[in-house]
Amino acid sequence: MMEPVTGAAPSADVGTGHEARERVVTRGPSRVPPTPHATALERIRTVVVEEHEDLARLVAHRIASLVRERMATGKTAVLGLATGSTPIGVYRELIRMHREDGLSFANVVSFNLDEYYPMAPDNIHSYHRFMWENLFSQVDMKPENVHIPRGDIPRDEVEQYCRNYEDAIRRAGGIDFQILGVGKTGHIGFNEPGSGVDSRTRLVHLDAVTRRDAAADFFGEEFVPKEAITMGVATILEAREIAILATGEHKSAIVRRAVEGEVNLEVAATFLQRHPTTTFYVDRAAGAALTRIATPWLLDEVEWTNDLMIRAVVWLSLQTQNAILKLTQRDYAEHGMSSLVAQKGSPGAVNGEVFNALGAKIRGKSKLPTGRRTICFSPHPDDDVISMGASCASSCRTTTR
Ligand code: F6R
């Protein structure tokens with residue numbers, strides 16, 4: 001497993017809060033230079049690992065140690081569980097630990113975050129089915145300890161049902177460890193934009209973005225339920241420890257928003273900034289937009305490798321809307337890149353080096369005919385521009401078919 005790149009904490013252990021400074025370790029093919037001040041921007045303790053599997057192992061091992069610790073003292077471990085693609089790796093690892101390492105779930109009580117409404121528990125799309133298939137049926141979980149909101153409660157009974165769900169969590173002693181995924185809208189559970197920090201378990205309307213994201217699972221957006229029953233933001237924030245997980249590039253923007261942005265009603269995940277023992281676990285792709293990875297030179301001194309220099313200068317050019325060859329000392333200074341100019345001697349030297357490096361990426365340029373008309377046959381309307389535009393624009397007139 002790769003060593004995690006931690007943001008605001010000394011190690012991969014969860015639940016240590018925000019007080020500790022970081023130990024940054026990077027290994028593997030795409031190394032990120034240490035950025036000791038990442039914490040200045042990151043308002044949730046964030047652990048970046050290389051791959052989804054690394055993240056699944058970290059979280060599963062944390063759960064296992066909690067479950068074992070409780071087992072040793074004859075107590076229950078109360079887990080808050082999520083569905084969706086993100087936690088599947090965690091469940092897989094827990095199942096492996098059950099089979100190979102003797103991890104028992106006999107003392108585990110679980111509460112799931114949500115369920116579509118209306119939805120019969122035995123429907124293939126239900127979160128009941130998801131949980132039994134992906135975890136419960138493969139470990140020694142006691143069925144009476146499993147709690148998942150039911151999506152088949154008559155509408156006029158839903159309110160009371162939701163109150164009972166909250167009571168059941170309280171009677172169980174509260175949630176010890178809550179797993180969360182995050183939706184593109186920033187939802188946690190199904191707390192869509194507008195869900196208040198005081199919200200409790202209730203029936204909610206699903207956001208259009210969420211329904212669109214679920215469309216493939218339901219074989220069409222029109223088949224995705226419009227409502228769901230979800231634990232509230234307040235219910236979630238009462239958990240003693242929270243692990244929020246995100247994987248894949250499509251989550252990178254919302255990860256940055258949740259971790260570095262202001263707390264806002266429109267992005268429920270930002271409320272986790274107020275929870276002292278939340279850790280955000282992301283793989284490299286989901287963490288890609290975090291400042292410490294996307295633009296580390298804004299945080300601290302960096303080691304200017306060739307790749308980093310090119311990435312930074314292209315970024316600077318886009319930021320300032322200045323052509324690369326026209327970037328000035330002031331542009332560099334105002335964007336945390338003075339050390340690069342100092343290293344290369346002058347802004348002109350940096351500009352020239354990056355310009356030439358980019359130009360050299362255009363393969364076969366010298367073999368292109370000059371002053372002649374070229375016809376490109378493109379299978380898709382965009383391909384001519386994407387594949388040929390840069391190569392041909394400077395040297396010849398291009399017609400695409
Ligand atoms: C599911 C849940 C949701 C998901 C979120 C991310 O129980 O509460 O908040 O965690 O929609 O879903 P995936 O993991 O499928 O990207």
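Residue positions are given per chain, counting from 1 as you read along its sequence in written order. For a predicted model such as this one, the threshold for reporting local features is a pLDDT of at least 70, and the threshold for listing and counting side-chain atom pairs is 80 or more; totals across whole chains, interfaces and linings nevertheless cover every residue. As a rule here, side-chain values cover all heavy atoms of the structure and leave hydrogens and water aside.

Turning our attention to the overall build of the chain. Within the chain, the regular secondary structure consists of 13 helices and 13 strands. For every residue, the accessible area (1.4 Å probe, protein chains only) is compared with the maximum for its type, and the residue is labelled buried under 20%, exposed over 50%, or partly exposed between those bounds. Scored against the burial criterion, the 401 residues of the chain give a buried share of 51%. Every residue pair with non-hydrogen atoms within 4.5 Å of one another is taken to be in contact. By sequence separation, contacts in the chain at least 24 residues apart represent 72% of the contacts at least 6 residues apart. Working definition of accessibility: Shrake-Rupley area with a 1.4 Å probe, residue cover restricted to the visible protein chains. Accessible surface, the chain: about 18800 Å² in total, of which carbon and sulfur atoms supply 52%. Under the DSSP-based scheme used, a helix requires at least four consecutive residues in state H or I and a strand at least two consecutive residues in state E, with every element numbered from the N terminus.

A separate point is the site of the ligand. Taken together, 13 residues sit near the ligand, with Thr86, Asp114, His187, Gly189 and Lys251 positioned nearest. In the analysis that follows, any N or O atom pair within 3.5 Å is treated as a polar contact, provided that within protein one partner can donate a hydrogen and the other can accept it, and provided that, for residues neighboring in sequence, both atoms belong to side chains. Within the contact set of the ligand, an oxygen atom lies 2.7 Å away from a side-chain nitrogen or oxygen of Lys251. Relative to its unbound accessible surface of 410 Å², the ligand loses 86% to contact with the protein. Tallied by class, residues from the shell around the ligand come to three nonpolar, eight polar and two charged. Proximity is defined per residue: if any heavy atom of the residue lies within 4 Å of a molecule or strand, that residue is considered near it. Polar here means any residue outside two lists: the nonpolar Ala, Val, Leu, Ile, Met, Phe, Trp, Tyr, Cys and Pro, and the charged Asp, Glu, Lys and Arg; Gly therefore counts as polar.

With that settled, the discussion passes to the pattern of salt bridges. By convention in these notes, a salt bridge is any Lys or Arg side-chain nitrogen within 4 Å of a carboxyl oxygen on Asp or Glu. Within the structure shown, the criterion is met by 22 salt bridges. The partner of Asp54 in a salt bridge is Arg57, with the nearest N and O atoms 3.1 Å apart. One end of the pair, Asp54, and the other, Arg57, are both in helix 1 (residues 52–72), three residues apart, so they sit about a helical turn from each other. On the accessibility criterion, Asp54 (4% relative accessible area) is buried. Across the pair Glu93 and Arg96 runs a salt bridge whose closest N-O atoms are separated by 3.0 Å. Placement of the pair is Glu93 and Arg96 together in helix 2 (residues 88–101), with a separation of three residues, close to one helical turn. Residue classification places Glu93 among the buried positions, given a relative accessible area of 9%. Salt bridges linked by common partners bring Glu166, Asp167, Arg170, Arg200 and Glu238 together as one network.

Positionally, Asp101 belongs in helix 2. With residues up to four places along the chain from it excluded, the contact list for Asp101 reads Arg68 and Arg96.

Attention now moves to unusual backbone geometry. Between Tyr117 and Pro118 the backbone carries a cis peptide bond, its omega angle lying at -5°. The backbone phi angle of Phe219 is positive, close to 60°, even though this residue is not glycine. Its place among the elements puts Phe219 in the loop between helix 5 (208–214) and strand 9 (227–230). For Phe219, a relative accessible area of 65% gives the class exposed. Of note in this structure, Gln321 is not a glycine but carries a positive phi near 55°.

Counting through the fold element by element, Thr295 comes out in the loop between helix 8 (291–294) and helix 9 (306–320). Once residues lying within four places of it in the same chain are set aside, the contact partners of Thr295 are Leu290 and Trp315.

Attention now goes to the packing of aromatic side chains. Between rings of Phe, Tyr and Trp, where Trp is taken as its six-membered ring, a pair exists when centres lie within 6.5 Å; planes separated by under 30 degrees are stacked, by over 60 edge-to-face, and by other angles tilted. One pass over the full model with this rule turns up eight aromatic pairs. Here Phe111 and Tyr165 contribute two aromatic rings whose centre-to-centre distance is 5.8 Å and whose plane-to-plane angle is 85°, an arrangement assigned as edge-to-face. Of this pair, Phe111 sits in strand 4 (residues 108–112) while Tyr165 sits in helix 4 (residues 158–171), placing them 54 residues apart in sequence. Each member of the pair, Phe111 as well as Tyr165, carries the same accessibility label: buried. With 5.2 Å between their ring centres and 70° between their planes, Trp132 and Phe136 make a pair best called edge-to-face. Taking relative accessible area as the criterion, Trp132 reaches 30% and is therefore assigned partly exposed. Each residue in the set Tyr116, Tyr127, Phe190 and Phe218 is aromatic and connected to the rest through ring pairs, giving one cluster.

The predicted model of the chain averages 89 in pLDDT, with 86% of residues at 70 or higher. What pLDDT conveys is the predictor's confidence in a given residue, as a value from 0 to 100. The model gives residues 8–37 a pLDDT under 50, and that stretch makes 83 contacts with residues more than four places away or in other chains.

This part takes up the packing of helix 2 against helix 3 (residues 127–134). The angle between two axes is taken between their N-to-C directions and runs from 0 to 180 degrees, where each axis is a line fitted to C-alpha atoms and a helix contributes only its stretch in contact. Contact geometry of helix 2 with helix 3 gives a least axis separation of 10 Å together with a crossing angle of 40°. Here Ile88, Tyr91 and Ile95 of helix 2 lie close against helix 3, whose contacting residues are Phe130, Met131 and Asn134. Here the contact of helix 2 with helix 3 is composed, by residue class, of five nonpolar, one polar and no charged.

The nonpolar core is taken to be a set of buried Ala, Val, Leu, Ile, Met, Phe, Trp, Tyr and Cys residues, with the residues joined through side-chain atoms within 4.5 Å. Counting residues in hydrophobic clusters, the biggest one holds 76 residues, and the most contacted among them are Val90 and Phe280. For this core, the leading source of residues is helix 1, giving nine residues. Core analysis: the next-biggest nonpolar cluster, separate from the first, contains 17 residues, Val302, Met309, Ala312 and Tyr332 among them.

Attention now goes to the sheet that holds strand 8 (residues 202–205). Whether two strands pair depends on DSSP finding at least two bridges between them. The strand order across the open sheet built from three strands is 5-9-8, with neighbouring strands paired in antiparallel fashion. A single partner strand is all that each edge strand has here, and the edge strands are strand 5 (114–117) and strand 8. Ignoring strand direction, the axes of neighbouring strands in this sheet form an average angle of 30°. The pairing of strand 8 with strand 9 spans four bridges and is antiparallel. Bridge pairing in strand 9 links Val204 to Ala228.

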